[in-house]
Amino acid sequence: MLENRKIILGITGSIAAYKAVYLARTLIKRGAEVQVVITPSGKEFITPVTLSSLTQKPVISEFFTANTGEWHSHVDLGLWADAMLVAPATASTIAKMANGIADNMLVTTYLSARSPVFVAPAMDFDMYRHPTTRRNLDLLRSYGNHIIEPAEGALASGLEGKGRMEEPEKIADILDRFFDESGSFAGKRVMVTAGPTYEKIDPVRFIGNYSSGKMGYAIAAAFAARGADVTLVSGPVTLSAPAGVKRVDVESAREMYNVATACFPDTDIAVMCAAVADFAPAQTAVSKIKRGTDGMTLQLVPNPDIAAALGKMKKPGQILAGFALESDNEEANARHKLEKKNLDFIVLNSLADKGACFGGDNNKVTVISRSGDIKACPMKSKSEVAEDIVTYISEMFLK
Ligand code: PMT
């Protein structure tokens with residue numbers, strides 16, 4: 001899929017810059033034309049001579065070539081590319097990209113690029129998990145950039161953890177998949193539900209859960225990246241909508257039900273990833289409930305089951321997928337939900353898997369089909385899980 005694709009390879013000042021040599025070679029071997037743009041500190045780690053010998057193109061680093069005064073147009077470069085790949089991407093470059101600080105050729109080219117952008121972070125574990133880096137990566141995601149999550153393992157600092165740039169072959173595979181037009185969802189209308197629901201007790205309190213929305217937002221982003229027309233029905237979360245995705249904000253399960261059932265008849269594929277509260281207070285107090293000396297009993301009433309309602313509405317040709325969040329008897333419970341809600345497949349994630357499900361960046365899922373086939377996946381980033389789910393739908397239902 002990379003044959004004749006024009007790729008800008010942005011290299012920044014990380015020890016992982018040596019991997020960019022293998023990455024350039026892998027992309028070229030797969031038929032791509034590679035133009036390297038390197039930051040000044042990137043050149044401290046890897047010489048332009050190595051990169052230009054490999055790519056057969058001069059490496060661009062500055063706005064002008066020092067001895068000839070030749071001007072390098074970041075705008076032309078940005079228009080030339082079919083994809084821009086920043087690998088390795090340091091915390092500093094990620095921050096500059098997220099905030100538009102165009103003080104070098106690489107970030108300037110990024111701001112001019114009309115092509116899809118892929119970012120493969122590489123940094124120390126603590127830098128990677130710092131709230132600033134997390135926020136900047138979320139910002140890049142919200143611009144529609146594709147973050148290639150780093151792997152876990154030994155880091156140059158001597159520490160162990162997440163932060164190693166993904167391996168070149170895997171990065172090339174991600175680009176390959178992206179350009180695989182047979183997996184395109186152009187013309188498909190997709191609805192994804194995400195996040196928690198809040199069920200009001202009084203004006204200041206609610207019943208909710210720990211869902212951050214990350215899994216559902218990653219699924220919405222993965223569909224949008226493959227050309228789908230995506231509506232994201234989102235409970236209250238702090239994430240920004242992925243680029244190109246239409247987001248409809250709701251708070252309670254009842255509101256989510258109203259939006260989802262109205263949207264579903266015009267939907268080809270629905271993925272129900274929201275953690276919907278099964279119960280709501282029978283009444284919402286108009287003013288803040290005062291503390292008393294006695295205990296308090298809250299009467300709850302069941303919320304509508306949104307997935308089950310869509311399962312009843314489903315017409316031939318529509319695809320309806322659900323998630324199952326289980327703590328025990330996992331497979332049997334998931335199969336039961338699959339049948340009861342008339343889903344086409346269900347994605348099981350378990351509270352027993354540490355670091356999966358709620359809140360974090362990773363998930364470990366098992367996909368169970370209607371016919372009973374099971375596909376168990378290892379722990380992966382939520383972006384990768386989302387890619388897997390979208391690929392599964394493409395392979396099982398659209399080919
Ligand atoms: O948001 P994150 O922090 O990234 O976490 C992701 C997640 C753990 C929330 C997600 O991966 C997940 O498991 N979502 C479904 C959680 C859930 O409510 O599971 P359930 O087993 O209770 O529900 C089964 C299915 O029915 C789900 O598709 C759910 O969206 C749907 N449902 C449930 C209840 C209800 N009243 N209406 C529904 O539509």
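Anything mentioned here points back to the structure above.
Residues numbered from 1 in each chain as written. Predicted model: local features only at pLDDT ≥ 70, side-chain atom pairs only at ≥ 80, totals over all residues. Heavy atoms only, no water.

### Notes on the sheet that holds strand S2 (residues 33-38)
Turning to step 1, where the next piece is worked out: Taken in spatial order, the 5 strands line up as S2-S1-S3-S4-S5 in an open sheet, and their pairing is parallel. Looking at which strands have only one partner, the edges of the open sheet turn out to be S2 and strand S5 (146-147).
Turning to step 2, where the next piece is worked out: Taken together, the 2 bridges between strand S4 (residues 117-121) and S5 define a ladder with parallel strand orientation. Residue Phe-118 lies in a different strand from S5, and its bridge partner there is His-146. (Pairing = 2+ DSSP bridges. Helix = DSSP H or I, 4+ residues; strand = E, 2+ residues; numbered from the N terminus.)

### A look at the pattern of salt bridges
Turning to step 1, where the next piece is worked out: Using the criterion set out here, one finds 25 salt bridges in the structure.
Turning to step 2, where the next piece is worked out: The salt bridge partner of Lys-96 is Asp-103, with a shortest N-O separation of 3.1 Å.
Turning to step 3, where the next piece is worked out: Note on Lys-96: relative accessible area 19%, which makes it buried.
Turning to step 4, where the next piece is worked out: One salt bridge connects Glu-167 with Arg-164, and the closest N-O pair in it is separated by 3.7 Å.
Turning to step 5, where the next piece is worked out: Given a relative accessible area of 35%, Glu-167 falls into the partly exposed group.
Turning to step 6, where the next piece is worked out: Residue classification places Arg-164 among the partly exposed positions, given a relative accessible area of 30%.
Turning to step 7, where the next piece is worked out: Connected through shared salt-bridge partners, Arg-30, Glu-169, Asp-173 and Asp-176 make up one network. (Salt bridge = Lys/Arg side-chain N within 4 Å of Asp/Glu carboxyl O. Buried < 20%, exposed > 50% of the residue type's maximum accessible area, 1.4 Å probe, protein only.)

### Here we look at the nonpolar core
Turning to step 1, where the next piece is worked out: Counting 35 residues, the largest nonpolar core has Ile-219, Phe-223, Val-230 and Ile-393 as its most contacted members.
Turning to step 2, where the next piece is worked out: Going through the elements one at a time, strand S8 (189-194), helix H10 (214-225), strand S11 (229-234), strand S13 (269-272), strand S16 (319-326), strand S17 (345-350), strand S19 (365-369) and helix H14 (382-397) are the ones with two or more residues in this core.
Turning to step 3, where the next piece is worked out: Ranked by residues supplied to this core, first place goes to H10 with 8 residues.
Turning to step 4, where the next piece is worked out: Sequence-distant contacts of Phe-223, defined by excluding residues within four places in its chain, comprise Phe-185, Val-190, Val-192, Ala-228, Val-230, Ile-269, Val-271, Val-390 and Ile-393.
Turning to step 5, where the next piece is worked out: Ranked by size, the runner-up nonpolar core spans 30 residues in total, among them Ile-7, Val-59, Ala-87 and Phe-118. (Core = buried A, V, L, I, M, F, W, Y, C linked by side-chain atoms within 4.5 Å. Contact = heavy atoms within 4.5 Å.)

### Remarks on empty space enclosed by the protein
Turning to step 1, where the next piece is worked out: Evaluation of the coordinates by the stated rule reveals 1 cavity of 30 Å³ or more.
Turning to step 2, where the next piece is worked out: Lining the largest cavity are Val-365, Val-367, Lys-375, Cys-377, Asp-388, Ile-389 and Tyr-392.
Turning to step 3, where the next piece is worked out: Those elements that provide at least two residues to the lining of the largest cavity are S19 and H14.
Turning to step 4, where the next piece is worked out: In terms of residue count, the dominant contributor to the lining of the largest cavity is H14 (3 residues).
Turning to step 5, where the next piece is worked out: Considered class by class, the residues forming the lining of the largest cavity number 5 nonpolar, no polar and 2 charged. (1 Å grid on protein atoms, 1.4 Å probe; cavity = no way out; pocket = protein on both sides within 12 Å on 5 of 7 lines; lining within 4 Å. Points joined across faces, edges and corners; volume = space filled by probe spheres on them. Nonpolar A, V, L, I, M, F, W, Y, C, P; charged D, E, K, R; others polar.)

### A short note on the packing of helix H1 (residues 17-29) against helix H9 (residues 168-179)
Any two packed helices are characterised by how steeply their axes cross, that is the angle between the axes, and by the distance between the axes.
Turning to step 1, where the next piece is worked out: The contact between H1 and H9 brings their axes to 9 Å, and the two run at 45°. By the angle class used here, H1 and H9 are oblique. Regarding H1 and H9, the two cross each other, and that crossing is right-handed. Residues Lys-19, Tyr-22, Leu-23, Thr-26 and Leu-27 of H1 form the contact with H9, whose participating residues are Pro-168, Glu-169, Ile-171, Ala-172 and Leu-175.
Turning to step 2, where the next piece is worked out: The residue makeup of the contact of H1 with H9, split by class, is 7 nonpolar, 1 polar and 2 charged. (Axes fitted to C-alpha atoms, helices over the stretch in contact; angles between N-to-C directions. Parallel < 35°, antiparallel > 145°, perpendicular 65-115°, else oblique. Left-handed = near helix turned anticlockwise from the far one by under 90°.)

### With respect to the site of the ligand
Turning to step 1, where the next piece is worked out: Residues in contact with the ligand amount to 27 residues; listed here are only the nearest, Ser-211, Ser-212, Ala-274, Lys-337 and Asn-349.
Turning to step 2, where the next piece is worked out: For the ligand, an oxygen atom lies 3.1 Å from a polar atom in the backbone of Leu-325.
Turning to step 3, where the next piece is worked out: Contributions of two or more residues to the shell around the ligand are made by H10, helix H12 (306-313) and S16.
Turning to step 4, where the next piece is worked out: Among the elements that line the shell around the ligand, the one with the most residues is S16, at 4 residues.
Turning to step 5, where the next piece is worked out: Taken together, the residues of the shell around the ligand sort by class into 14 nonpolar, 7 polar and 6 charged. (Near = heavy atom within 4 Å. Polar contact = N/O pair within 3.5 Å; in protein donor to acceptor, adjacent residues only side chain to side chain.)

### Comments concerning the sheet that holds S19
Turning to step 1, where the next piece is worked out: Read from one edge to the other, the open sheet built from 8 strands follows the order S12-S11-S8-S13-S16-S17-S19-S20, with strand pairing classed as mixed. Looking at which strands have only one partner, the edges of the open sheet turn out to be strand S12 (246-249) and strand S20 (374-376). The sheet shows a mean angle of 15° between the axes of neighbouring strands, taken without regard to direction.
Turning to step 2, where the next piece is worked out: Contacts from helix H13 (residues 330-340) reach S16, S17, S19 and S20, with the element oriented near 150° to S17.

As far as function goes, none of this settles anything; it's purely spatial.
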